[in-house]
Each structure stands twice: as C-alpha cells, then as structure tokens.
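One letter stands for each residue in the lines below.
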Amino acid sequence: MRNFQFLDVVVLENSGASIQFTTEEPTASRPVVTFQREGGYVAFSASYGPFEIAIRPRFQELSRVLARLQPVEGLQTTRQVGTGQAYLSVGLKPDGSLLLRPTIVGDATGHLALNLALSSGAREALFAWLPAGAADTI
C-alpha cells in the first residue's frame, strides 16, 4: 500500500509566478512541491530531502487533466500527464485532496516515485493559481 505525505502549507512565490506546497510537520527531510509556469510548460519539482523529481508537462495538458478529475473511490490515481518515461499521476479523493505521484521510469524492472497529497485547501489554491476553467470544474 502506498503511503502518501500530505502537504497543507501554500506559499506563492515571485509575485505569483510559482506556487509551493509543503507541510508544517517537523521532519528532517521536509517534502516540497513547486509548480512554475515556463511558457507552454509547467516546471514541476517534488523534493524530499536531497532527493528531487523534476518534470515539465505541457501547461494545457496539465490544466485539462486537473479540470477533468473526478473522485473515484478505491482508485488512487486516475490520470497521468507526461511521457512513458517521466510523468505525473494525479487522483482526486472524495474528501477533496489531490494525490500527486511524480514518477521516473528506469526500464521494465522498476521506477522511482514520490507519493504526495495536497490537502483540500492546498488543492483549491493550486486550481486558483491555474486557469479559472480548472478551478471552476472541480
């Protein structure tokens, strides 16, 4: 079973150019997720201590996937954005929290992933930061 780390602290940086999520839990390796718009892409960075997974999905694809998410009981992640080698799996829980699973695939023998979740309030902040269409859909 996957263990998801909840992130509930939201910080807007650079006058709203990027949005960052973390937790208030006092841990040595504090998880941090950052979204930043870079032209037609979104720079996504998820770090846990010195370990980081960074991917650059297309902005329109990410917005479309998030806007179409529906809570599905029993499934953790229902959509993904990216390529077969590096992608972000996302899922919406019935309580409104957003599951984020950035993954780097090595080959058929394995992969690296972080299991993170934005609280309902943090998810609302992310959707407000994205285009209004994504915020209004969910």
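Scroll up for the structure.
Source: prediction; values computed, not measured.

**Student:** Which parts of the structure should I look at to understand the overall build of the protein chain?
**Tutor:** Helix and strand counts for the protein chain stand at 3 helices and 11 strands. Starting at the N terminus, the α and β elements of the protein chain follow one another as β-β-β-β-β-β-α-β-β-β-β-β-α-α. Taking 14 Å as the expected radius of gyration for a compact globule of 138 residues, we find that the protein chain reaches 14 Å, a close match to that expectation. Relative to its full complement of 138 residues, the protein chain shows a buried share of 43%. Taking all contacts inside the protein chain whose residues are at least 6 apart in sequence as the whole, residues at least 24 apart take part in 36%. Of the roughly 7,300 Å² that the protein chain leaves accessible, carbon and sulfur atoms contribute 49%. Of the charged side chains in the protein chain, 11 are positive and 12 negative; the average position of the first set lies 9 Å away from that of the second.

**Student:** Mind showing me how you'd approach the environment of glycine 39 here?
**Tutor:** With respect to the helices and strands, glycine 39 occurs in the loop between strand E4 (31-38) and strand E5 (41-48). According to the relative accessible area criterion, glycine 39 is exposed, its value standing at 52%.

**Student:** What is the right way to look at the pattern of salt bridges in this model?
**Tutor:** Where charged atoms from two side chains of opposite charge approach closely, those side chains can pair. Per the stated rule, a full pass over the model turns up 1 salt bridge. Where glutamate 38 meets arginine 56, a salt bridge forms, and the shortest distance between an N and an O atom there is 3.1 Å. Here the residue glutamate 38 occupies a position in strand E4, and arginine 56 occupies one in the loop between strand E6 (51-55) and helix H1 (59-67), the gap between them amounting to 18 residues. Judged by its relative accessible area of 47%, arginine 56 is partly exposed.

**Student:** Would you mind showing me how to read the packing of aromatic side chains here?
**Tutor:** Aromatic ring pairs: the centre-centre distance and the angle between the two ring planes describe each pair. Applying the stated criterion across every chain yields a total of 2 aromatic pairs. Ring plane angle 85° and centroid distance 6.2 Å describe the contact between phenylalanine 21 and phenylalanine 35, whose orientation is recorded as edge-to-face. Here phenylalanine 21 is found in strand E3 (residues 18-22), whereas its partner phenylalanine 35 is found in strand E4, with 14 residues between them in sequence. Classification of phenylalanine 35 by relative accessible area gives buried; the value is 1%.

**Student:** What is the right way to look at the sheet that holds E3 in this model?
**Tutor:** Spatially, E2-E3-E4-E5-E6 is the arrangement adopted by the 5 strands of the open sheet, whose pairing is antiparallel. At either end of the open sheet lies a strand with only one pairing partner, and these are strand E2 (9-13) and E6. Mean inter-strand twist for the sheet, computed between neighbouring axes without regard to direction, equals 15°. Judged from the 4 bridges that link them, E3 and E4 form a sheet pairing that is antiparallel. Residue pairing for E4: isoleucine 19 is matched across the bridge by phenylalanine 35. Against the sheet, helix H2 (residues 120-129) makes contact with E2, E3 and E4, and its axis sits at roughly 170° relative to E3, the strand it touches most.

Cut-offs used in this document
- Residues numbered from 1 in each chain as written.
- Predicted model: local features only at pLDDT ≥ 70, side-chain atom pairs only at ≥ 80, totals over all residues.
- Heavy atoms only, no water.
- Helix = DSSP H or I, 4+ residues; strand = E, 2+ residues; numbered from the N terminus.
- Rg over C-alpha atoms; globule rule 2.2 N^0.38 Å.
- Buried < 20%, exposed > 50% of the residue type's maximum accessible area, 1.4 Å probe, protein only.
- Contact = heavy atoms within 4.5 Å.
- Areas by Shrake-Rupley, 256 points an atom, 1.4 Å probe, with all protein chains shown as cover.
- Lys, Arg positive; Asp, Glu negative; His and termini not counted.
- Charge placed at Lys NZ, Arg CZ, Asp CG, Glu CD.
- Salt bridge = Lys/Arg side-chain N within 4 Å of Asp/Glu carboxyl O.
- Phe/Tyr/Trp six-rings, centres within 6.5 Å; stacked < 30°, edge-to-face > 60°.
- Pairing = 2+ DSSP bridges.
- Axes fitted to C-alpha atoms, helices over the stretch in contact; angles between N-to-C directions.

Structural measurements only, silent on function.
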